[in-house]
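If you want the building blocks of each chain, they are given just below.
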Amino acid sequence: MEERLERMEDMLANLIRMVGDMKREQLETRQEIKEMKQDISELKQDQKATREDIARLRLENEKHHTEISSRISSNELDHEHTWEKTVQNEREIAKLKKQFELIDFT
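Described below are features of the structure shown in this document.

Cut-offs used in this document
- Residues numbered from 1 in each chain as written.
- Predicted model: local features only at pLDDT ≥ 70, side-chain atom pairs only at ≥ 80, totals over all residues.
- Heavy atoms only, no water.
- Salt bridge = Lys/Arg side-chain N within 4 Å of Asp/Glu carboxyl O.
- Helix = DSSP H or I, 4+ residues; strand = E, 2+ residues; numbered from the N terminus.
- Buried < 20%, exposed > 50% of the residue type's maximum accessible area, 1.4 Å probe, protein only.
- Patch = residues over 30% accessible without salt bridge, like charges linked within 9 Å, V, L, I, M, F, W, Y side chains within 5 Å.
- Areas by Shrake-Rupley, 256 points an atom, 1.4 Å probe, with all protein chains shown as cover.
- Lys, Arg positive; Asp, Glu negative; His and termini not counted.
- Charge placed at Lys NZ, Arg CZ, Asp CG, Glu CD.

In the structure shown here, the tally under the stated rule is four salt bridges. Two residues, Arg24 and Asp21, come together in a salt bridge whose shortest N-O distance is 3.1 Å. Of this pair, Arg24 and Asp21 are both found in helix α1 (residues 2-102), three residues apart, which corresponds to roughly one turn of the helix. A residue is classified by how much of its surface remains accessible, and Arg24, at 45% relative accessible area, is partly exposed. Here Asp21 falls in the partly exposed class, since its relative accessible area comes to 30%. In this structure, the salt-bridge partner of Arg56 is Asp53, at a minimum N-O distance of 3.6 Å. Note that Arg56 and Asp53 are positioned in helix α1 at a spacing of three residues, about one turn of the helix.

Structure below.
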């Protein structure tokens, strides 16, 4: 009978130890889950900030693109105008050369 009682005490002690171990593991798991949730929250905030940065960069790029396109267009118009003036001046120079050739300076 005493032997049986000792076995039951050992089994009870074993059971208590197992429950304690399970409780400790459960607490550790809860802590890990809490830390993971915090990490996820931080990642979401980082992701939101990154998206905002990307949106801001897109707006800036669009602004620069519009500005550069405008400058290129203006330069093209200036270039075209300069060529028109150059051609016009060359024609007038050619006319003046012909007129001076017709005039006899002797």
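Taken together, the side chains of Leu12, Leu15, Ile16 and Val19 define a hydrophobic patch exposed on the protein surface, amounting to about 390 Å² of accessible area. Topologically, Ile16 is positioned in helix α1.

What follows concerns a negative patch on the surface. Taken together, the side chains of Glu25, Glu28, Glu32, Glu35, Asp39, Glu42 and Asp46 define an acidic patch exposed on the protein surface. Mapped onto the secondary structure, Glu25 falls in helix α1. Its relative accessible area of 47% is what places Glu25 among the partly exposed residues.

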